[in-house]
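Working through the structure, step by step
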Amino acid sequence: MNKHHAKAGVPHKTRVVGFRITDKEHQKIIEAQQALRSIGISGTTSDTLRSIQNDFKVEDWLKDASQLLMRN
C-alpha cells in the first residue's frame, strides 16, 4: 500500500467528479506527483488531487487571486 493512500484515507460516501484538462494542467499534476514521490509518497492522479484538495485554503487562494487581478 502506498503511503499517500493510507494517509489520505477515502471516506465511505464519495462522489465522482470529472473534467477535461489541458496539457499544461496535466503537466502540473505530473509535477505534483513527482514532488510527492520525492518525499516517499506515491499514488494515483486521484490521490494527488485529493492531497492538493486537503491542503487547499480558499482564503489564501482568494487573497492571491484578488491581488493578481488588481495588478492587471
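Our next topic: the overall build of the protein. Helices and strands together make up the secondary structure of the protein, namely four helices and zero strands. Mapped from its N terminus to its C terminus, the protein presents α and β elements in the order α-α-α-α. By the burial criterion, 11% of the 72 residues in the protein qualify as buried. Accessible surface for the protein amounts to roughly 6,500 Å². Of this, 56% is attributable to carbon and sulfur atoms.

What follows concerns helix H2 (residues 23–38). Helix length check: H2 (16 residues) gives 22 Å between terminal C-alpha atoms against 22 Å at 1.5 Å per residue, within 8%. The secondary structure elements touched by the buried residues of H2 are helix H3 (45–55). Looking at the residues trailing H2, positive phi occurs at Gly40, about 90°.

A few words on the packing of H2 against H3. Where H2 contacts H3, the two axes come as close as 10 Å, and the packing angle between them is 85°. Here H2 is positioned roughly perpendicular relative to H3, judged by the angle of their axes. Only Thr45, Thr48, Leu49, Ser51 and Ile52 of H3 make contact with H2, whose side of the interface consists of Ile29, Ala32, Gln33 and Leu36. Class assignment of the residues belonging to the contact of H2 with H3 gives a composition of five nonpolar, four polar and no charged.

Turning to the pattern of salt bridges, a few remarks are in order. In the structure shown here, the tally under the stated rule is one salt bridge. Asp47 is paired through a salt bridge with Arg50; the nearest N and O atoms lie 3.8 Å apart. Residue Asp47 and its partner Arg50 are located together in helix H3, separated by three residues, close to a single helical turn. Looking at Arg50, the relative accessible area reads 27%, which means it is partly exposed.

Taken as a whole, the largest pocket spans an internal volume of roughly 620 Å³. Forming the boundary of the largest pocket are 16 residues, of which Val17, Ser46, Leu49, Arg50 and Gln53 lie nearest the centre. Element by element, the count of residues in the lining of the largest pocket is highest for H3, at six residues. Considered class by class, the residues forming the lining of the largest pocket number nine nonpolar, five polar and two charged.

Our focus in this paragraph is a nonpolar patch on the surface. On the surface, Phe56, Val58, Trp61 and Leu62 cluster together into a nonpolar patch covering about 420 Å² of accessible area. You can see Leu62 is positioned in helix H4 (residues 58–71).

Conventions we followed
- Residues numbered from 1 in each chain as written.
- Predicted model: local features only at pLDDT ≥ 70, side-chain atom pairs only at ≥ 80, totals over all residues.
- Heavy atoms only, no water.
- Helix = DSSP H or I, 4+ residues; strand = E, 2+ residues; numbered from the N terminus.
- Buried < 20%, exposed > 50% of the residue type's maximum accessible area, 1.4 Å probe, protein only.
- Areas by Shrake-Rupley, 256 points an atom, 1.4 Å probe, with all protein chains shown as cover.
- Expected span 1.5 Å × (residues − 1).
- Contact = heavy atoms within 4.5 Å.
- Axes fitted to C-alpha atoms, helices over the stretch in contact; angles between N-to-C directions.
- Parallel < 35°, antiparallel > 145°, perpendicular 65-115°, else oblique.
- Nonpolar A, V, L, I, M, F, W, Y, C, P; charged D, E, K, R; others polar.
- Salt bridge = Lys/Arg side-chain N within 4 Å of Asp/Glu carboxyl O.
- 1 Å grid on protein atoms, 1.4 Å probe; cavity = no way out; pocket = protein on both sides within 12 Å on 5 of 7 lines; lining within 4 Å.
- Points joined across faces, edges and corners; volume = space filled by probe spheres on them.
- Patch = residues over 30% accessible without salt bridge, like charges linked within 9 Å, V, L, I, M, F, W, Y side chains within 5 Å.

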